[in-house]
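In case you want the letters, here they are:
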Amino acid sequence: AMTDPEGDEGLAQLVAHALSEGTLRRDGAALALAAESLGAALDASADWDSAVARLTVLTPRLRDAFALLAEVLTQPAFPEREVERLKEERLAELLQMRTEPGVLASEAFNKWTYVAGSRYGKPDGGTEASVRGITREKVERFWRARYGPAGTTLVVAGDVTPEQVLALAGETLG
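Residues numbered from 1 in each chain as written. Predicted model: local features only at pLDDT ≥ 70, side-chain atom pairs only at ≥ 80, totals over all residues. Heavy atoms only, no water.

(A) The side chain of Asp8, seen in detail. The residue Asp8 is located in the segment before α1 (11–18) in this model. Contact partners of Asp8, with chain neighbours within four places excluded, come to Ser130, Gly133, Ile134 and Lys138. (Helix = DSSP H or I, 4+ residues; strand = E, 2+ residues; numbered from the N terminus. Contact = heavy atoms within 4.5 Å.)

Printed below as a string of structure tokens:
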């Protein structure tokens, strides 16, 4: 969220959520089926300071899972209808949040704690106006600027050696 352009607050979260909505090779349903066929769980999210794409899978399926994760990270399609659906979902969340005292208190705290204009002083998922202004083109531009090898940390845990991980990363992520 810290890297959201002024006026496009909520863009980082929307980009992260849109990653699993389809690639250049598969639509969202086919992508979900591919993950399911591996016995894997795939999700992506973003918070104030990072975006995370997570894939949980058993070691025997790791090679195929790496390839799927690479596809999601390097070839997202960002279908217009899915970007619009995610925007509508976020707008519904924002409306619901207006009824939660804890959320309202947190927003007031942030507004008064951080200097005027600070990104931390604004809701990390954006406002109704900023979310409405997000377009598919802005999503793709943000992804191109922020999702790449230079800004990526790969974390792998499980029954696998560092050498195996480096080899898989080289084969699939480049």
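Picking up after the structure, the text goes on.
(B) Quick peek at the packing of α1 against helix α4 (residues 80–97). Viewed as axis vectors pointing N to C, α1 and α4 meet at an angle of 125°, and their least axial separation amounts to 10 Å. By the angle between their axes, α1 is oblique relative to α4. α4 is crossed by α1, and the crossing has right-handed handedness. Between α1 and α4, the residues in contact are Leu14, His17 and Ala18 and Val83, Leu86 and Lys87, respectively. Here the residues of the contact of α1 with α4 are counted per class, giving 4 nonpolar, 1 polar and 1 charged. (Axes fitted to C-alpha atoms, helices over the stretch in contact; angles between N-to-C directions. Parallel < 35°, antiparallel > 145°, perpendicular 65-115°, else oblique. Left-handed = near helix turned anticlockwise from the far one by under 90°. Nonpolar A, V, L, I, M, F, W, Y, C, P; charged D, E, K, R; others polar.)

(C) View of the pattern of salt bridges. A complete count under the given rule lists 18 salt bridges for this structure. Salt-bridge contacts for Glu171 lead to Arg63; the nearest nitrogen and oxygen are separated by 2.4 Å. Of this pair, Glu171 sits in helix α8 (residues 162–172) while Arg63 sits in helix α3 (residues 62–74), placing them 108 residues apart in sequence. With a shortest N-O distance of 2.6 Å, Glu140 and Arg136 are connected by a salt bridge. Linking Glu140 with Arg136, this pair stays in helix α7 (residues 136–146), spanning 4 residues, or about one helical turn. Because the salt bridges share partners, they merge into one network encompassing Glu21, Arg81, Glu82, Arg85 and Glu89. (Salt bridge = Lys/Arg side-chain N within 4 Å of Asp/Glu carboxyl O.)

Remember, this is a structural readout, not a statement about activity or role.
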